[in-house]
Amino acid sequence: MSKFISPRTERPILRWTLIAITFAFMAVMLFAPLIIVFFEALRNGAVAAVESLGNPEAAAAIKLTLIVAACAVPLNAVFGVAAAWFITKFDFRGKAFLITLIDLPFSISPVVAGLCIVLTFGSATMVGGWLTDNGYPIVFALPGIILASMFVTFPFVARELIPVMIEQGRAEEEAALTLGASGWRVFFTVTLPNIRWALLYGVLLCNARAMGEFGAVAIVSGKIRGQTATMPITIEMLYQEYLSIAAFSLAAVLALLALVTLLLKTALELRFADQLAATHRA
Amino acid sequence: MGRPLVHRSPIPGLGISAGITLTMLSIVVILPIGALLLKGASAGFVTLWSEVNTPRIWGSLWLSFRLSFLAALFNLVFGVLLAWVLVRYHFVGRRILDAAVDLPFALPTAVAGIALTALYAPNGAFGSIAKELGFKIAYTPLGIFLALVFVGLPFVTRTVQPVIAEIEAEVEEVSATLGASRLYTIIHVILPMLTPAALTGFALSLARAVGEYGSVIFIAGNIPFKTEIAPLLIVIKLEEFNYVGATAIGLTMLAISFVMLLVINAIQILSRRRIGYV
């Protein structure tokens with residue numbers, strides 16, 4: 001008796017070959033780079049790795065990266081919610097164009113993004129020159145780094161919320177308004193509970209990218225040691241000074257952040273698939 | 001005058017949401033991009049052209065686009081394969097592999113850059129094997145290609161996966177009932193259904209690769225005329241305070257990105273017309 005093979009799958013030998021190729025491909029392309037980060041960081045033992053993070057330069061970089069993320073991520077979250085509300089609750093002309101503009105940062109090289117910010121707010125420009133003269137330099141200072149981080153992560157939250165809010169429609173909000181709720185009350189008691197997981201998902205991706213941004217920040221930061229060098233910038237500086245353990249230890253911290261992000265993201269996708277855009281974007 | 005700019009709606013918050021959206025969009029995106037365009041316009045086409053029209057810059061643009069295209073092509077093939085295996089086959093570790101596909105999105109580019117260099121440098125784990133075989137990976141175009149494959153890896157898989165998941169069982173059953181071999185069904189029935197999404201992923205992967213900086217500069221070695229990518233030349237021009245030169249390269253790349261964005265949109269419109277979903 002010959003075994004029945006479903007018309008929806010391949011012969012077992014082909015199937016297992018493809019699975020083996022997938023494992024091999026991902027091991028070489030994805031897992032090997034991840035493992036080598038920890039391997040290189042721990043080359044001289046865990047103590048050396050942890051000690052290298054304690055030096056003032058690395059500590060300042062970690063602090064700066066946390067400050068940048070703490071400013072850029074909430075600002076982009078507020079933007080994302082406002083933009084999603086504006087786009088999904090109202091009908092207006094030019095909506096498609098507005099969405100294209102919001103998506104624009106995704107198709108622009110981070111280096112070009114950094115260049116744009118230097119050309120807008122650099123000390124040689126009108127706006128930047130005036131601000132610098134009055135004691136508020138943007139480029140080669142914290143505000144420029146925050147702006148660059150915001151630019152590259154700008155669409156994350158809005159992109160996550162817009163499809164979810166389109167799907168949920170306006171009926172619930174309209175019902176709440178009819179019952180006499182105020183605008184803010186409608187937002188906090190009706191809309192926000194509906195979009196909270198999608199919001200968290202967007203914030204998670206936004207945060208990972210903001211903390212790890214290199215190209216745009218490299219241009220606007222000026223790479224001043226201990227002052228405008230974020231974690232990725234400090235990794236580059238340490239690496240080029242052949243301080244391998246220190247560079248890879250700092251890289252390992254960011255790699256751990258990436259792993260935690262992936263873990264939380266996967267958990268959200270499994271638990272709240274119906275409330276996220278990513279899992280049914282199709 | 002025909003349609004009003006904004007239709008009346010009973011929902012409150014128009015002023016505040018539109019205000020926040022347009023203000024922040026202006027400061028973060030429109031003003032900076034406008035400044036780039038303005039800088040280009042004030043320099044004039046002739047000046048911009050003379051800045052871009054050097055062998056070193058053409059060489060870097062050619063290198064960037066050639067390798068990005070090849071990397072996106074590679075990702076197209078493996079992305080579809082990965083999507084197929086992850087959606088259709090059930091095996092131990094599938095969930096972990098599926099989650100790991102997003103690793104290049106989550107891992108900061110500078111981290112990926114030094115990790116890939118450590119692996120593919122002549123004294124690295126994979127680089128030493130290549131050395132035995134008599135060729136180099138890091139500090140050559142091959143190394144840049146591998147870094148671009150890494151950063152563009154998730155795009156095709158993530159655009160194709162939902163499409164595979166939505167293919168109805170009847171489609172393949174009918175094909176088999178009518179006497180088609182499995183290979184014939186895959187080539188003539190399934191792959192055409194995946195094509196629009198796969199091309200979208202390809203374009204996204206290409207766009208990402210062209211602009212990529214962090215993961216490439218470490219492994220590239222940055223040898224003039226050999227392994228210099230276009231974004232690196234912008235950085236070099238800026239370090240020389242040559243803002244016009246940086247603007248010229250930036251605008252060239254932006255123009256190409258813009259064309260690619262148009263192509264992506266055109267593909268999406270076409271594919272939606274041809275089949276009901278994508």
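Novice: In this structure, what is going on with the overall build of chain B? I would like to understand it.
Specialist: Helix and strand content of chain B: 13 helices and zero strands. Along the chain direction, N to C, the helices and strands of chain B fall in the order α-α-α-α-α-α-α-α-α-α-α-α-α. Contacts spanning at least 24 positions in sequence make up 73% of the contacts within chain B whose residues lie at least 6 apart. Entry remark: accessible area of chain B is about 12500 Å², with carbon and sulfur atoms responsible for 70%. Across chain B, the centroid of the 18 positively charged side chains sits 5 Å from that of the 13 negatively charged ones.

Novice: So what exactly am I meant to see when it comes to the interface of chain B and chain A here?
Specialist: Listed per partner, the contact involves 93 residues of chain B and 84 residues of chain A. Buried surface at the junction of chain B and chain A, summed over both partners, amounts to about 8000 Å²; 81% is from carbon and sulfur atoms. Contact with chain A buries surface across chain B, with I11, Y89 and I114 of chain B losing the most and accounting together for 8% of the total. Linking chain B to chain A there are two salt bridges.

Novice: Help me out: how do you make sense of the state of the cysteines in this one?
Specialist: Each disulfide consists of one covalent bond between the sulfur atoms belonging to two cysteines. Residues and elements named next belong to chain A. Applying the stated criterion across every chain, the model contains zero disulfides over all chains. Here C116 is not cross-linked by a disulfide; its sulfur's nearest cysteine counterpart is in C206, at 19 Å. C206 forms no disulfide, and the closest cysteine sulfur to it belongs to C71, at a distance of 12 Å.

Novice: Help me understand the domain arrangement of chain A, please; the structure alone is not making it clear to me.
Specialist: One frequent convention defines the size of an interface as the accessible area lost when the parts assemble. All names here are of chain A. With domains assigned, chain A is organised as domain 1 (1-41) and domain 2 (55-280). When each unit is reduced to the centre of its C-alpha atoms, the spacing between domain 1 and domain 2 is 34 Å. Taken together, the five residues of domain 1 in the interface contact nine residues of domain 2. Across the domain 1 to domain 2 interface the summed buried area is about 610 Å²; carbon plus sulfur atoms make up 82%. Together, F38, E40 and A41 form the three largest contributors to the area buried by domain 1 at its contact with domain 2, with a combined 65%. In this assembly, domain 1 and domain 2 are joined by zero salt bridges. Considering only residue class, the side of domain 1 that touches domain 2 consists of four nonpolar, no polar and one charged.

Novice: What should I look at first to understand the confidence of the model for chain B in this one?
Specialist: Close inspection of predicted coordinates is inappropriate in any region flagged by low pLDDT. Within chain B, residue pLDDT values average 90, and 95% of them lie at 70 or more. Of all the helices and strands in chain B, helix α13 (residues 243-274) of chain B carries the lowest mean pLDDT, 80, while helix α6 (residues 109-120) of chain B carries the highest, 97.

Novice: Which parts of the structure should I look at to understand the nonpolar core?
Specialist: Looking at soluble globular proteins, one finds that nonpolar side chains tend to be buried together. With 186 residues, the main nonpolar core has F151 and L161 of chain A together with Y120, V160 and I234 of chain B as its most contacted residues. Of the residues forming this core, the biggest block, 15 residues, is contributed by helix α3 (residues 55-88) of chain B. Beyond its immediate chain neighbours, meaning those up to four positions away, L161 of chain A contacts G80, V81, A84, I195, A198 and L199 of chain A.

Novice: Honestly, the domain arrangement of chain B in this entry has me stumped. Any pointers?
Specialist: All names here are of chain B. With domains assigned, chain B is organised as domain 1 (15-53) and domain 2 (55-274). Measuring from the centre of the C-alpha atoms in domain 1 to the corresponding centre in domain 2 gives 28 Å. Facing twelve residues of domain 1, the contacting portion of domain 2 comprises 15 residues. For the pair domain 1 and domain 2, the summed buried surface comes to about 1100 Å²; carbon and sulfur atoms form 78% of the total.

Novice: Just to check I follow, could you spell out helix α8 (residues 155-168) of chain A for this structure?
Specialist: In an α-helix there are 3.6 residues to a turn, and that puts residues three or four apart on one side. Residue and element names in this part refer to chain A. The end-to-end C-alpha separation of α8 is 20 Å, in line with the 20 Å expected for 14 residues at 1.5 Å each. Taken together, the buried positions of α8 are P155, F156, V157, A158, E160, L161, I162, V164 and M165. On its buried face, α8 sits against α3 (56-89), α4 (95-103), α7 (142-153) and α10 (183-212). Phi turns positive one or two residues past the end of α8, at G169, with a value near 70°.

Novice: For this particular structure, what's the right way to read the layout of surface pockets?
Specialist: Over the atoms, a rolled probe matching the size of one water molecule traces out where space is still vacant. Considered as a void within the structure, the second largest pocket measures approximately 620 Å³ in volume. Y239 and Y242 of chain A together with T117, Y139 and F218 of chain B are the residues nearest the centre of the second largest pocket, which is lined by 28 residues in total. Taken together, the elements giving at least two residues each to the lining of the second largest pocket come down to α1 (12-41), α12 (231-240) and α13 (244-271) of chain A together with α6, α11 (214-220) and α12 (230-239) of chain B. Of all the elements, α12 of chain B adds the most residues to the lining of the second largest pocket, at four residues. Its residues placed into classes, the lining of the second largest pocket shows 16 nonpolar, seven polar and five charged.

Novice: Just to check I follow, could you spell out unusual backbone geometry for this structure?
Specialist: The phi torsion of most residues other than glycine is negative, and most of the peptide bonds are trans. Residues and elements named next belong to chain B. Of note, the phi angle at Y139 is positive, near 65°, even though the residue is not glycine. Turning to its location among the elements, Y139 is positioned in the loop between α7 (125-133) and α8 (141-166). The backbone phi angle of N222 is positive, close to 55°, even though this residue is not glycine. The residue N222 is located in the loop between α11 and α12 in this model. Accessibility expressed as a relative area gives 25% for N222, which makes it partly exposed.

Calculation criteria
Residues numbered from 1 in each chain as written. Chains lettered and ligands numbered in written order. Predicted model: local features only at pLDDT ≥ 70, side-chain atom pairs only at ≥ 80, totals over all residues. Heavy atoms only, no water. Helix = DSSP H or I, 4+ residues; strand = E, 2+ residues; numbered from the N terminus. Contact = heavy atoms within 4.5 Å. Areas by Shrake-Rupley, 256 points an atom, 1.4 Å probe, with all protein chains shown as cover. Lys, Arg positive; Asp, Glu negative; His and termini not counted. Charge placed at Lys NZ, Arg CZ, Asp CG, Glu CD. Buried area = accessible area lost by both parts, 1.4 Å probe. Salt bridge = Lys/Arg side-chain N within 4 Å of Asp/Glu carboxyl O. Disulfide = S-S within 2.5 Å. Domains from an automatic or database assignment. Nonpolar A, V, L, I, M, F, W, Y, C, P; charged D, E, K, R; others polar. pLDDT = per-residue confidence, 0-100. Core = buried A, V, L, I, M, F, W, Y, C linked by side-chain atoms within 4.5 Å. Buried < 20%, exposed > 50% of the residue type's maximum accessible area, 1.4 Å probe, protein only. Expected span 1.5 Å × (residues − 1). 1 Å grid on protein atoms, 1.4 Å probe; cavity = no way out; pocket = protein on both sides within 12 Å on 5 of 7 lines; lining within 4 Å. Points joined across faces, edges and corners; volume = space filled by probe spheres on them.

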